[in-house]
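A closer look at the structure
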Amino acid sequence: MRRALRLLPLFACGLVATIAIPSAASAQSWEIRQEIREANREVARERAEGAREIMRCKTRACAEREYREANREVARERREARREVRREIREAYRDRWYRGNDRWYRDGRYWGRDEYERRYYGRRDNGGSVLPGLLVGAALVGVVAAIADGDDKD
């Protein structure tokens, strides 16, 4: 009993952290989640239809043909679903301040896409240079090597 009481505060903190941190699904827009649900329904429907067609077959050749066709249809639905979800994600950056032609009107001025996302969403483009990272890594390796070399001489 005492052990359970000692673990209770840890469990409570974990529960509060779980509730306080939003899930990844809720971070997406409603349209994206809706598109994902719709895509899952379409794929499931194609699978069920394929299973029904296979069960109707009387010969092995018919079953094999229906099996291949069902796999083709399911793959096609999955491709279409990925395409539609990507389109929704691509269009998700258009919030209520979007005015068309990659312009947003907010805080009394028009913003371009990159500066708007950088200012209000903290997004940075990943087109930066690799050289600063390499220099910092090389310096870190040099310091570690110097410390290890200094420890060997003592």
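Remember, predicted model here, so these are calculated numbers, not experimental data.

1. A word on the overall build of the protein chain
Within the protein chain, the secondary structure is distributed over six helices and three strands. The order of α-helices and β-strands along the protein chain, N terminus first, is α-α-α-α-β-β-β-α-α. Within the protein chain, the proportion of its 154 residues that are buried is 16%. Of the roughly 12,800 Å² of accessible surface on the protein chain, 56% is carried by carbon and sulfur atoms.

2. Notes on the environment of Glu-31
Examined against the element boundaries, Glu-31 turns out to sit in helix α3 (residues 30-56). Taking relative accessible area as the criterion, Glu-31 reaches 42% and is therefore assigned partly exposed.

3. With respect to a positive patch on the surface
Side chains of Arg-47, Arg-78, Arg-79, Arg-82, Arg-83, Arg-86 and Arg-90 sit close together on the surface and give a patch of like positive charge. The greatest single-element share of the positive patch, amounting to six residues, is contributed by helix α4 (residues 60-91). A relative accessible area of 47% means that Arg-47 is categorised as partly exposed.

4. Focus on the packing of aromatic side chains
Within a pair of aromatic rings, the relevant descriptors are the distance that separates the centres and the angle that separates the planes. A complete count under the given rule lists one aromatic pair for this structure. Positioned above the aromatic ring of Tyr-110 is the side chain of Arg-103, whose terminal nitrogen or guanidinium carbon lies 4.4 Å from the ring centre. Arg-109 extends its terminal NZ or CZ atom over the ring of Trp-111, reaching a point 3.7 Å from the ring centre.

5. Thoughts on the state of the cysteines
In total, this model carries one disulfide according to the counting rule given. Across a sulfur-sulfur distance of 2.3 Å, Cys-57 and Cys-62 are joined as a disulfide pair. Its S-S torsion of about -55° marks the bond between Cys-57 and Cys-62 as left-handed, since a negative value means left-handed. With respect to class, Cys-57 is no different from Cys-62; both count as buried.

6. Concerning the pattern of salt bridges
This structure, assessed with the given rule, holds seven salt bridges. For Arg-45, the salt bridge goes to Glu-42, with nearest N and O atoms at 2.8 Å. Linking Arg-45 with Glu-42, this pair stays in helix α3, spanning three residues, or about one helical turn. Arg-45 sits in the partly exposed class, given a relative accessible area of 46%. The partly exposed category is assigned to Glu-42, whose relative accessible area is 22%.

So, how was this worked out
- Residues numbered from 1 in each chain as written.
- Predicted model: local features only at pLDDT ≥ 70, side-chain atom pairs only at ≥ 80, totals over all residues.
- Heavy atoms only, no water.
- Helix = DSSP H or I, 4+ residues; strand = E, 2+ residues; numbered from the N terminus.
- Buried < 20%, exposed > 50% of the residue type's maximum accessible area, 1.4 Å probe, protein only.
- Areas by Shrake-Rupley, 256 points an atom, 1.4 Å probe, with all protein chains shown as cover.
- Patch = residues over 30% accessible without salt bridge, like charges linked within 9 Å, V, L, I, M, F, W, Y side chains within 5 Å.
- Salt bridge = Lys/Arg side-chain N within 4 Å of Asp/Glu carboxyl O.
- Lys, Arg positive; Asp, Glu negative; His and termini not counted.
- Charge placed at Lys NZ, Arg CZ, Asp CG, Glu CD.
- Phe/Tyr/Trp six-rings, centres within 6.5 Å; stacked < 30°, edge-to-face > 60°.
- Lys NZ or Arg CZ within 6 Å of the ring centre and 35° of its normal.
- Disulfide = S-S within 2.5 Å.

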